[in-house]
Each structure stands twice: as structure tokens, then as C-alpha cells.
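A closer look at the structure
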Amino acid sequence: MSISPVVQNVVSFGKLEIEGNSKIELSLIAEKVSGSRYNKKRFPAVILRKTKPKSTILIFQSGKIILIGS
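Residues numbered from 1 in each chain as written. Predicted model: local features only at pLDDT ≥ 70, side-chain atom pairs only at ≥ 80, totals over all residues. Heavy atoms only, no water.

Glancing now at the overall build of the protein chain. Across its full length, the protein chain holds one helix and five strands. Taken from the N to the C terminus, the helices and strands of the protein chain come in the order β-α-β-β-β-β. Rg of the C-alpha trace for the protein chain: 15 Å, well past the compact-globule value of 11 Å for 70 residues, more than 25% over. With the C-alpha coordinates aligned to their principal axes, the bounding extent of the protein chain is approximately 55 × 25 × 20 Å. As displayed, the protein chain offers around 6,000 Å² of accessible surface, 55% of which is attributable to carbon and sulfur atoms. Taking the 12 positively charged and 4 negatively charged side chains of the protein chain as two groups, their mean positions are separated by 15 Å. (Helix = DSSP H or I, 4+ residues; strand = E, 2+ residues; numbered from the N terminus. Rg over C-alpha atoms; globule rule 2.2 N^0.38 Å. Areas by Shrake-Rupley, 256 points an atom, 1.4 Å probe, with all protein chains shown as cover. Lys, Arg positive; Asp, Glu negative; His and termini not counted. Charge placed at Lys NZ, Arg CZ, Asp CG, Glu CD.)

Printed below as a string of C-alpha cells:
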């Protein structure tokens, strides 16, 4: 019997370098990027859902980015 691993999901983390103590304007990103969602009362990040490859990208005001899927 042979067991082969199968990748089901990939999660990556990153951070955008921002000069000084500036914060990212999430409302501006949500306005300019099609398919993005942002509701700061529900969740403190812009949510980008892509279909090819199927993935979700979270962008936080601090510059942290989380990529889920793909």
C-alpha cells in the first residue's frame, strides 16, 4: 500500500513595506480593485476573491497580506 500526499490548501503570509508610520487606505483599495469587499465593521481587511486560480487575499491596514488557496 502506497500513500501519496495531496496538497489541499496553501497559506502564505507577507507584509507590504510602508514608509514611516503610514497605514494602507483599505477603502481606496476596495474602491479601485474590482471584486474586492471591505466592511470595517465586520472584518478589518479588504477581501479579494479570485477564481483562477481559486484563492482569497486578505489585505490589512498594517500592510500584512494573507493569501489562502491557489
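Bringing the environment of I66 into the picture now. Topologically, I66 is positioned in strand β5 (residues 64-69). With 44 residues separating them in the primary sequence, I66 and S22 have C-alpha atoms 19 Å apart. Not counting the four nearest positions on each side in its chain, I66 is found in contact with V11, S12, F13, T56, I57, L58 and F60. (Contact = heavy atoms within 4.5 Å.)

This brings us to the sheet that holds strand β3 (residues 45-51). Overall, antiparallel pairing links the five strands, which are arranged β1-β5-β4-β3-β2 in an open sheet. With one partner strand each, in any of the chains shown, β1 (11-15) and β2 (36-37) form the two edges of the open sheet. As paired strands, β2 and β3 are joined by two bridges and run antiparallel to one another. Bridging across to β3, S36 finds its partner in L48. (Pairing = 2+ DSSP bridges.)

Position of S36 relative to the elements: it lies in strand β2. In terms of polar contacts, S36 uses its side chain to reach the backbone carbonyl oxygen of V33, at 2.7 Å. (Polar contact = N/O pair within 3.5 Å; in protein donor to acceptor, adjacent residues only side chain to side chain.)

The next subject is the side chain of T56. Mapping T56 onto the fold places it in strand β4 (residues 54-60). Side-chain polar atoms of T56 contact the side chain of R49, separated by 3.4 Å. Excluding residues within four positions of it along the chain, T56 makes contact with I47, L48, R49, I66, L67 and I68.

The peptide bond linking K52 to P53 adopts the cis configuration, its omega dihedral lying at -10 degrees. Tracing the chain through its elements places P53 in the loop between β3 and β4.

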